[in-house]
Amino acid sequence: MTEKMPEQELKDRLNLIETMIAEGRRKTESWGWTFVLWGVAYYVAIAWSSCGHARLAWPVTMIAASVLTGVVVSVRSGRQPETTMGRAIGSLWGAMGISIFLLLMSLAWSGHYESHTFVAIIGAMLGMTNAASSMILKWKMQFGCALVWWAAAVAACFGTESQSSIAFLAAIFVCQIVFGIYGMVVESHKRSRQGDNPRGSNQGAAHA
Amino acid sequence: MPDELPELNPVIHGKLRLALLSLLAGVEEAEFTWLRNRTGATDGNLGAQLAKLEEAGYVVVEKKFVLRKPQTLYRMTEAGRAALTEYVRALKQLLGGAIEV
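Since we're looking at a predicted model, the values are computed, not measured.

> So what's going on with the overall build of chain B? Residues and values would help.
Regarding its fold elements, chain B presents 5 helices and 3 strands. The order of helices and strands in chain B, counted from the N terminus, is α-α-β-α-α-β-β-α. The long-range share in chain B, meaning contacts at least 24 apart out of those at least 6 apart in sequence, stands at 59%.

If you want it as structure tokens, here you go:
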């Protein structure tokens, strides 16, 4: 078998290995929708808390958004293979979510809640998570989101209460809604280019 | 050409088995349907080739239920990774020999 194998076939085997390994490692997860979902959740919580139910609005909205995210992710992940990169990104956001939830709930229930601190904490933590995620994914656009969140955190420390609120609302719009929609569009284009259909572009491997 | 050509592992040499092992090298685990979509193979052929890889100890299979739906997950073993690495090394050695001629 080995002696009669033509050089081109050997090269084809190497190409097949490289192509398939790259195919497996290709990022197939879709996360754009989570940004939009959480952006909407923030807006709902803000609107609800402005009606005078701040202590109820944030925990209920955040828990509802977490449950919804968890359910959708578990359903979708069944269709995709787990990759180290996917797990790294998921862990990062999960850990950030738990930290932010514990901290803000403790501040609210202990009576130490203060709007400047609230925006500064959320801005700093979302800035850190977006920055770390952008470095793992080598996604410059997401690093831009980190910069916006950090700017909102700094503005919350120095600005008035209304300036702090405006910075928070603007950051949510840019980094959650706009970036989330942009992410969904990019992911949609990638999927259509990859040809995710069952009889896609990898017919060459279909026969043993 | 070198005096002794390396032997290519016949278990991995099959094109679909090679593709499957390479796909699994890039992920931690993969579902049957994902592997089918990526290779374009039929269910029967894919199942047969995966069974051969499993028999050789190159992949392990795990069957479970997610939201009441059956799911079959495949994972590459250390032996599989070592075999693929050795196969690539042998291929490169053969290519080196071919180029030298």
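> So what about the overall build of chain A? Which residues, and what values?
Looking only at helices and strands, chain A features 6 helices and 0 strands. Secondary structure elements of chain A occur, N-terminal to C-terminal, as α-α-α-α-α-α. Classification of the 208 residues of chain A by burial places 24% in the buried group. Once local pairs closer than 6 in sequence are excluded, the contacts in chain A between residues at least 24 apart make up 67%.

> A description of the pairing of strand β2 (residues 59-66) of chain B should follow, citing residues and the corresponding values.
Residues and elements named next belong to chain B. Sheet analysis places β2 next to strand β3 (residues 69-76), joined by 8 bridges and oriented antiparallel. Paired with Glu62 across the strands is Leu73, a residue of β3. Counting the residues that bridge the hairpin from β2 to β3 gives 2 residues, and of these Leu67 lies at a positive phi of roughly 50°.

> Kindly report on the nonpolar core, identifying the contributing residues and their values.
Among soluble globular proteins, nonpolar side chains are generally buried collectively. B:Leu20, B:Leu21, B:Leu23, B:Leu24, B:Ala30, B:Leu35 and B:Val59 are the most contacted members of the largest nonpolar core, which totals 28 residues. Contributions of two or more residues to this core are made by α1 (7-25) of chain A together with α2 (15-25), α3 (32-39), α4 (43-55), β3 and α5 (78-100) of chain B. Residue contributions to this core peak at 7 residues, all from α2(B). If you look at the next biggest cluster of nonpolar residues, it comprises 26 residues, including A:Phe35, A:Ala65, A:Ala153 and A:Phe168.

> I'd like a description of the sheet that holds strand β1 (residues 30-31) of chain B, backed by residues and values.
Residues and elements named next belong to chain B. With antiparallel pairing, the 3 strands of this open sheet are ordered in space as β1-β3-β2. Across the chains shown, the open sheet's two edge strands, defined by having one partner strand only, are β1 and β2. Taken together, the 2 bridges between β1 and β3 define a ladder with antiparallel strand orientation. Along β3, the bridge assignment pairs Glu31 with Leu73. Of the strands in this sheet, β2 and β3 touch α4, which is tilted by about 120° from β2.

> An account of the packing of α2(B) against α4(B) is requested, with residue identities and associated values reported.
Residues and elements named next belong to chain B. Where α2 meets α4, the closest approach of the two axes is 10 Å, and the angle between their N-to-C directions is 70°. In terms of orientation, α2 and α4 fall into the roughly perpendicular class. Packed against α2, whose contacting residues are Leu16, Arg17, Leu20 and Leu21, the element α4 presents Asn45, Gln49, Leu50, Lys52 and Leu53 at the interface. Looking at the contact of α2 with α4 residue by residue, the class counts come to 5 nonpolar, 2 polar and 2 charged.

> Quick rundown of the confidence of the model for chain A? Include the residues and the values.
Across chain A, the average pLDDT comes to 81, with 82% of residues at or above 70. Contacts for the low-pLDDT stretch residues 195-208 of chain A, under 50 throughout, to residues beyond four places or in other chains number 31 contacts.

> Quick one: what's the story with the environment of A:Ile100, residue by residue and with numbers?
You can see A:Ile100 is positioned in helix α3 (residues 84-110). When neighbours within four sequence positions are excluded, A:Ile100 is seen to be in contact with A:Ile122 and A:Met125.

> I'd like to hear about the environment of A:Val178, residue by residue, with values.
Summarising the element assignment, A:Val178 is placed in helix α6 (residues 161-194). Each C-alpha atom, one on A:Val178 and one on A:Gly39, is 9.4 Å from the other, the two residues being 139 residues apart in sequence.

> Which residues make up α2(B), and what values go with them?
With 9 of its 11 residues buried, α2(B) lies for the most part within the structure. Those residues of α2(B) lying buried are B:Leu16, B:Arg17, B:Leu18, B:Ala19, B:Leu20, B:Leu21, B:Ser22, B:Leu23 and B:Leu24.

> So what's going on with the packing of helix α4 (residues 115-137) of chain A against helix α5 (residues 140-158) of chain A? Which residues, and what values?
Residues and elements named next belong to chain A. Two elements in contact, α4 and α5, have axes separated by 7 Å at closest approach and are oriented at 160°. The angle between the axes of α4 and α5 places the two elements in the roughly antiparallel class. Relative to α5, the crossing made by α4 is left-handed. Judged by residue contacts, His116, Val119, Ala120, Gly123, Ala124, Leu126, Gly127, Asn130, Ala131, Ser133, Ser134 and Leu137 of α4 engage Lys140, Gln142, Phe143, Cys145, Ala146, Trp149, Trp150, Ala152, Ala153, Ala156 and Cys157 from α5.

> Outline the environment of A:Ile63, listing residues and values.
All names here are of chain A. You can see Ile63 is positioned in helix α2 (residues 32-77). We classify Ile63 as partly exposed; it has 13 C-beta atoms within 10 Å. Residues Ile63 and Ala41 lie 22 residues apart in sequence; the distance between their C-alpha atoms is 9.9 Å.

The rules behind these values
- Residues numbered from 1 in each chain as written.
- Chains lettered and ligands numbered in written order.
- Predicted model: local features only at pLDDT ≥ 70, side-chain atom pairs only at ≥ 80, totals over all residues.
- Helix = DSSP H or I, 4+ residues; strand = E, 2+ residues; numbered from the N terminus.
- Contact = placed C-beta atoms within 7 Å.
- Buried ≥ 20, exposed ≤ 12 C-beta atoms within 10 Å, placed from the backbone.
- Pairing = 2+ DSSP bridges.
- Core = buried A, V, L, I, M, F, W, Y, C linked by C-beta atoms within 7 Å.
- Axes fitted to C-alpha atoms, helices over the stretch in contact; angles between N-to-C directions.
- Parallel < 35°, antiparallel > 145°, perpendicular 65-115°, else oblique.
- Nonpolar A, V, L, I, M, F, W, Y, C, P; charged D, E, K, R; others polar.
- pLDDT = per-residue confidence, 0-100.
- Left-handed = near helix turned anticlockwise from the far one by under 90°.

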